Amino acid sequence: MKPFAIDRANGLCAALFIGFGAWFALQSLGLEIGTALRMGPGYFPLVLAIVLILLGAVILVQAVRVEGEAIGHIAWRGMLLILPAPIFFGLTVRGLGFIPSIFLTALIASFASRRMKPLTALVLSAGLTLFAFLVFSYALGLPFRRFGPWLAPWLVS
């Protein structure tokens, strides 16, 4: 019989999922839950917490059954460029406007890969900006400022 062993990476991930799920479930119990037809403010957080606990349990079972690979190096470049990109967008969308903010956000995030070349990043950012503009402005008809007040001195002739 094999000795009992848990894959460390998956075991830690499972513990985090189960721990956060349990904490959010306990927090949601302080709110009115309601029923499936008349949901209270605590219903949806409780359902999400239960899903998180179930995902943690599945990962825990996998961690016990299969030995995983060792954790490799941490991709710091990706974390330092991908994670702040949405924060940058949120901080600049009102000042710069939607089009420049989405372009710069995509440009920042595209350099998370060492293989990304500047021209490819510019084309990718322009394509994503055009796609987002068409979807959000024309297809969905959302009212947003395309160019914000920070750019007003340069846009006025």
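About the cut-offs
- Residues numbered from 1 in each chain as written.
- Predicted model: local features only at pLDDT ≥ 70, side-chain atom pairs only at ≥ 80, totals over all residues.
- Heavy atoms only, no water.
- Helix = DSSP H or I, 4+ residues; strand = E, 2+ residues; numbered from the N terminus.
- Polar contact = N/O pair within 3.5 Å; in protein donor to acceptor, adjacent residues only side chain to side chain.
- Contact = heavy atoms within 4.5 Å.
- Core = buried A, V, L, I, M, F, W, Y, C linked by side-chain atoms within 4.5 Å.
- Buried < 20%, exposed > 50% of the residue type's maximum accessible area, 1.4 Å probe, protein only.
- Phe/Tyr/Trp six-rings, centres within 6.5 Å; stacked < 30°, edge-to-face > 60°.
- Axes fitted to C-alpha atoms, helices over the stretch in contact; angles between N-to-C directions.
- Parallel < 35°, antiparallel > 145°, perpendicular 65-115°, else oblique.
- Left-handed = near helix turned anticlockwise from the far one by under 90°.
- Nonpolar A, V, L, I, M, F, W, Y, C, P; charged D, E, K, R; others polar.
- Expected span 1.5 Å × (residues − 1).
- Arc of directions from axis to C-beta.

Going by the annotation in an unreviewed UniProt entry, the name recorded for the protein is Tripartite tricarboxylate transporter TctB family protein, with Mesorhizobium ciceri given as the source organism.

Below, the discussion takes up the side chain of S125. Following the sequence through the fold, S125 ends up in helix α6 (residues 118-139). At 3.1 Å, the side chain of S125 and the backbone nitrogen of L107 are in polar contact. Not counting residues up to four positions away in its chain, the partners in contact with S125 are F103, A106 and L107.

Time to look at the nonpolar core. F98, I99, I102, A132 and F133 together form the largest nonpolar core, which totals five residues. Put simply, the parts of the chain that give this core at least two residues each are α5 (98-110) and α6. Counting residues per element, this core draws most heavily on α5, at three residues. Once you skip the residues sitting within four places of it in the chain, I102 turns out to touch F89, T129 and A132.

Enumeration according to the criterion identifies five aromatic pairs in this entry. With a centroid separation of 6.2 Å and an interplanar angle of 85°, the aromatic rings of F89 and F98 are classed as edge-to-face. Given the relative accessible area of 22%, F89 is considered partly exposed. Aromatic side chains F98 and F136 sit 5.9 Å apart centroid to centroid with 75° between the ring planes, which places their arrangement in the edge-to-face category. Of this pair, F98 sits in helix α5 while F136 is found in helix α6, placing the two residues 38 residues apart along the sequence. In this structure an aromatic cluster arises from ring pairing among F89, F98, F136 and F144.

We now examine the packing of helix α4 (residues 84-96) against α5. When two helices pack together, their arrangement is given by the angle between the helix axes and the distance between those axes. Running from N to C, α4 and α5 point in directions that differ by 160°, and their axes come no closer than 8 Å. In terms of axis orientation, α4 runs roughly antiparallel to α5. Crossing hand, α4 versus α5: right-handed. Contacts between α4 and α5 pair A85, P86, F88, F89, T92, V93 and L96 from the former with F98, P100, S101, I102, L104, T105, I108 and A109 from the latter. Class assignment of the residues belonging to the contact of α4 with α5 gives a composition of 12 nonpolar, three polar and no charged.

Time to look at helix α1 (residues 8-28). Between its first and last C-alpha, α1 extends 30 Å over 21 residues, near the 30 Å set by a 1.5 Å rise per residue. The set of residues buried in α1 consists of G11, A14, G21, A25 and S28. Down the axis, α1 shows its buried residues gathered within 130° of arc, on one side only. Exposed and facing more than 90 degrees away from the buried side of α1 are R8, L12 and L26.

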